[in-house]
Amino acid sequence: MGFEPPQRLVRALGEAYGDAAAADWLAQLPALTEEALSSTGQKLTVERVAAPGGRSSLVLLVTCSDGTPAALKIAPSGAAPELEQAALAHWNGWGAVQLLNGGPGALLLERLHPEVSLRSLPEAKALLEAAGTVRRLWVEPPAGHGFETVAERTGRRTEPMRAYAASDPSLEPLVTAALAARAELIAHSPELLLLHGNFRQSKVLAGERVPWLTVGPEPLVGERAYDLARLVRDRVEDLIASPGGPVTARRRIKKLADSLDVDRERLHGWTLFRAVESGTRALAVGRRQEGELTLEFAGWL
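We now turn to the structure provided with this report. Every residue gets a number counted from 1 within its own chain, in the order that chain's sequence is written. Where totals are concerned, whole chains, interfaces and linings use all residues; where local detail is concerned, this predicted model gives features only for residues with pLDDT of at least 70, and gives and counts side-chain atom pairs only at 80 or more. The basis for every side-chain value is the complete set of non-hydrogen atoms in the structure, without hydrogens or water.

Digging into the sheet that holds strand E6 (residues 113–117)
Reasoning step 1: Strand order in the open sheet formed by three strands is E6-E8-E9, with antiparallel pairing between adjacent strands. A single partner strand is all that each edge strand has here, and the edge strands are E6 and strand E9 (212–214). When the angles between neighbouring strand axes are averaged without regard to direction, this sheet yields 55°.
Reasoning step 2: Looking at chain direction, E6 and strand E8 (residues 204–206) are connected through two bridges and run antiparallel. Among the inter-strand pairings, His113 is bridged to a residue of E8, identified as Ala206. Only when DSSP finds a minimum of two bridges between them are two strands counted as paired. Starting at the N terminus, helices and strands are each numbered in turn, a helix being any DSSP run of H or I of at least four residues and a strand any DSSP run of E of at least two. Every axis corresponds to a line fitted to the C-alpha atoms, with the helix fit spanning only the stretch in contact, and the corresponding angles, defined between N-to-C directions, vary from 0 to 180 degrees.

Pasting the structure below:
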């Protein structure tokens, strides 16, 4: 099957797995696509590639044999599609895109409107809808699940943070503060719920079944404050450009924490850690503008 994967995906795969490994997976993509199309148990007609698409998988807009529009998501093993499948199956369409079928490295999902996310709404309305969506995802994880914990995931990310701070001593105080916040937070987790893992406005798309549904989980288990932390810095470029950015950022923490009954200090701590981790990771792979904006935001906290 001939098609060009979106350049956004090509770049992101290179950053995540290295250019050689990314090129190898992309070379296998036509065969993987044919396998995915034939493994769903029904005839699928490919309409087009969703572009610009995501950063971890190829998404094809397809039509099922009964005329139902759907989306076929094909992901490398490093993106852990089997965990995404397990989470979507457990949510069963409650707050999240409905899983229609799944197999090795491929998920058949209900069709949403990829061109319409919460980022298309005014900020206040977007945050309100985001809060209403994410609260539906916070449920008890399934028995015998294979999801990692917040402590495990964040633990894997501490050494790269230290390494980058060592190469740029100006970041050392901020990294030290973020790592200290994490250490205090993981010493006691108040709850162990199923989390989205990468929840933000662009991960909530318009749907037909209900107005808004989340997509692209990187599921794990832990406390709600961790899941909210990425949402706090949404539209960071607008925050940075605003003269009241620091005040707005702190107000967001208070508003989100209060509306979802989450401890403010824990949300503040996870927001700091996730911003510093994300900012140093962006700098390490050459996304300098993104990294600098994120770290400037972290400095306000």
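Section: unusual backbone geometry
Reasoning step 1: In this structure, Arg235 takes a positive phi of about 55° despite not being glycine.
Reasoning step 2: Mapped onto the secondary structure, Arg235 falls in the loop between helix H8 (224–232) and helix H9 (236–241).
Reasoning step 3: For every residue, the accessible area obtained with a 1.4 Å probe (protein chains only) is divided by the maximum for its type, and the residue is called buried under 20%, exposed over 50%, and partly exposed between those limits. Residue Arg235 is classed as buried on the basis of its relative accessible area, which comes to 11%.
Reasoning step 4: Positive phi values are uncommon outside glycine, yet Asp261 reaches one of about 55°.
Reasoning step 5: Locating Asp261 in the fold gives a position in the loop between helix H10 (245–259) and helix H11 (264–284).
Reasoning step 6: Residue Asp261 is classed as exposed on the basis of its relative accessible area, which comes to 62%.

Let's talk about the packing of aromatic side chains
Reasoning step 1: Pairing of aromatic rings covers Phe, Tyr and Trp, the last through its six-membered ring, and needs centres within 6.5 Å; plane angles under 30 degrees mean stacked, over 60 mean edge-to-face, and all others mean tilted. Evaluated as defined, the whole model comprises three aromatic pairs.
Reasoning step 2: Relative to Trp270, the ring of Tyr226 has its centre 5.3 Å away and its plane inclined at 85°; by these criteria the two rings are edge-to-face. Of this pair, Tyr226 sits in helix H8 while Trp270 sits in helix H11, and the two are 44 residues apart along the sequence.
Reasoning step 3: Using a relative accessible area of 1% as the deciding quantity, one classes Trp270 as buried.
Reasoning step 4: Geometrically, the ring pair formed by Trp270 and Phe273 is edge-to-face, given 5.9 Å between the ring centres and 85° between the ring planes. You can see Trp270 and its partner Phe273 sitting in helix H11, three residues apart, about one turn around the helix. Each member of the pair, Trp270 together with Phe273, is buried.
Reasoning step 5: Connected via pairs of aromatic rings, a cluster forms that spans Tyr226, Trp270 and Phe273.

A look at helix H2 (residues 19–38)
Reasoning step 1: The span one expects for a helix is its residue count, reduced by one, times 1.5 Å. The end-to-end C-alpha distance of H2, which contains 20 residues, comes to 29 Å, matching closely the 28 Å that a straight helix rising 1.5 Å per residue would cover.
Reasoning step 2: The complete set of buried residues in H2 reads Ala22, Trp25, Leu26, Leu29, Thr33, Ala36 and Leu37.
Reasoning step 3: Should any heavy atoms of two residues lie within 4.5 Å, those residues are considered in contact. Residues of H2 that are buried sit in contact with helix H1 (7–17), strand E1 (45–49), strand E2 (58–63), strand E3 (69–74) and strand E5 (106–110).

Remarks on the packing of helix H6 (residues 158–167) against helix H7 (residues 172–186)
Reasoning step 1: Put simply, H6 and H7 touch, their axes get as near as 9 Å, and they point 160° apart. Comparing the axis directions of H6 and H7 gives the class roughly antiparallel. Helix-helix and strand crossings are classified by hand; for H6 and H7 the assignment is left-handed. Residues Thr158, Met161, Arg162 and Ala165 of H6 form the contact with H7, whose participating residues are Glu172, Val175, Ala178, Leu179 and Arg182.
Reasoning step 2: Only Asp, Glu, Lys and Arg are considered charged, only Ala, Val, Leu, Ile, Met, Phe, Trp, Tyr, Cys and Pro nonpolar, and every remaining residue, Gly among them, polar. Taken together, the residues of the contact of H6 with H7 sort by class into five nonpolar, one polar and three charged. Each angle is binned into one of four classes, with values under 35 degrees roughly parallel, values over 145 roughly antiparallel, values of 65 to 115 roughly perpendicular, and all other values oblique. By convention the crossing between two helices is left-handed if the near helix lies anticlockwise of the far one by an angle smaller than a right angle, and right-handed if it lies clockwise.

Considerations on the sheet that holds strand E4 (residues 99–103)
Reasoning step 1: Taken in spatial order, the five strands of this open sheet run E1-E2-E3-E5-E4, and their pairing is antiparallel. At either margin of the open sheet sits one strand with a lone partner, and together these are E1 and E4. Sheet twist, expressed as the average angle between the axes of neighbouring strands with direction ignored, equals 25°.
Reasoning step 2: Sheet strands in contact with H2 are E1, E2, E3 and E5, and its direction is about 140° off that of E3.

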